[in-house]
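# Chains, contacts and geometry: an overview
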Amino acid sequence: MDAKPFETLEAKINLVLERLKASQTEKGALQEEVSLWKSRYEEAVKQLEELTRERDSLQKNQRDPATEELIRTKISALLAKLEAA
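Given the structure is predicted, the values throughout are model-derived calculations rather than measurements.

### Side note on the packing of aromatic side chains
Inspection of the entire model under this criterion finds 0 aromatic pairs. In this arrangement the basic side chain of Arg40 is found over the ring face of Trp37, its NZ or CZ atom lying 4.9 Å from the centre.

The structure is reproduced here in structure tokens:
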């Protein structure tokens, strides 16, 4: 019986096993990279939420020229009444 077909089969199996091992190593590295990117994404989302809250707070506290003018007008009217009295 000729051993050549078995040697060829053995070589192919060894090649498949090498490729499998390389694929498993690459998969592990990619899983670590995915984990890193997920944590970076989650951190970015937290920062975005914090900045959004800060922006909303600043906008809420921002001066409104129309409201300020109304207040000035009312104060002027009150001062005028006080001076007249």
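### Overview of the pattern of salt bridges
Within the structure shown, the criterion is met by 4 salt bridges. Across the salt bridge formed by Glu69 and Arg72, the nearest N and O atoms sit 3.5 Å from each other. Taken together, the residues Glu69 and Arg72, both in helix α2 (residues 65-84) and 3 residues apart, mark about one turn of the helix. For Arg72, a relative accessible area of 45% puts it in the partly exposed group. What you see here is one network of salt bridges that share partners, running through Arg63, Glu68, Glu69 and Arg72.

### Looking at a nonpolar patch on the surface
A cluster of nonpolar side chains, contributed by Leu9, Ile13, Leu17 and Leu20, occupies part of the molecular surface with about 360 Å² of accessible area. Tracing the chain through its elements places Leu9 in helix α1 (residues 4-61). The exposure class assigned to Leu9 is partly exposed, which follows from its relative accessible area of 46%.

### Describing the environment of Glu18
Here Glu18 is to be found in helix α1. Note on Glu18: relative accessible area 56%, which makes it exposed. The spacing of Glu18 and Glu49 is 31 residues in sequence and 47 Å in space, taken between C-alpha atoms.

Parameters and conventions
Numbering of residues begins from 1 in every chain and follows the order in which that chain's sequence is written. Two thresholds apply to this predicted model, a pLDDT of at least 70 for residue-level local features and 80 or more for giving and counting side-chain atom pairs, whereas whole-chain, interface and lining totals are computed over all residues. In computing side-chain values, all of the structure's heavy atoms are included and hydrogens and water are not. The aromatic pairing rule takes the rings of Phe, Tyr and Trp, using the six-membered ring of Trp, and pairs them if the centres are within 6.5 Å, calling planes under 30 degrees apart stacked, those over 60 edge-to-face and the rest tilted. Our definition puts a charge over a ring when NZ of Lys or CZ of Arg is within 6 Å of the ring centre and also within 35 degrees of the ring normal. Basic side-chain nitrogens of Lys or Arg form a salt bridge, by our definition, when they fall within 4 Å of a carboxyl oxygen of Asp or Glu. Per the convention used, a helix needs a DSSP run of H or I reaching at least four residues, while a strand needs a run of E reaching at least two, with both numbered from the N terminus. Exposure is judged per residue with a 1.4 Å probe applied to protein chains only, and the accessible area is read against the type maximum: over 50% gives exposed, under 20% gives buried, and values in between give partly exposed. Residues enter a patch when their relative accessible area is above 30% and they make no salt bridge; the linking distance is 9 Å between like charges and 5 Å between nonpolar side chains (Val, Leu, Ile, Met, Phe, Trp, Tyr). Each accessible area value is a Shrake-Rupley result obtained with a 1.4 Å probe; residue values ignore everything except the protein chains displayed when judging cover.

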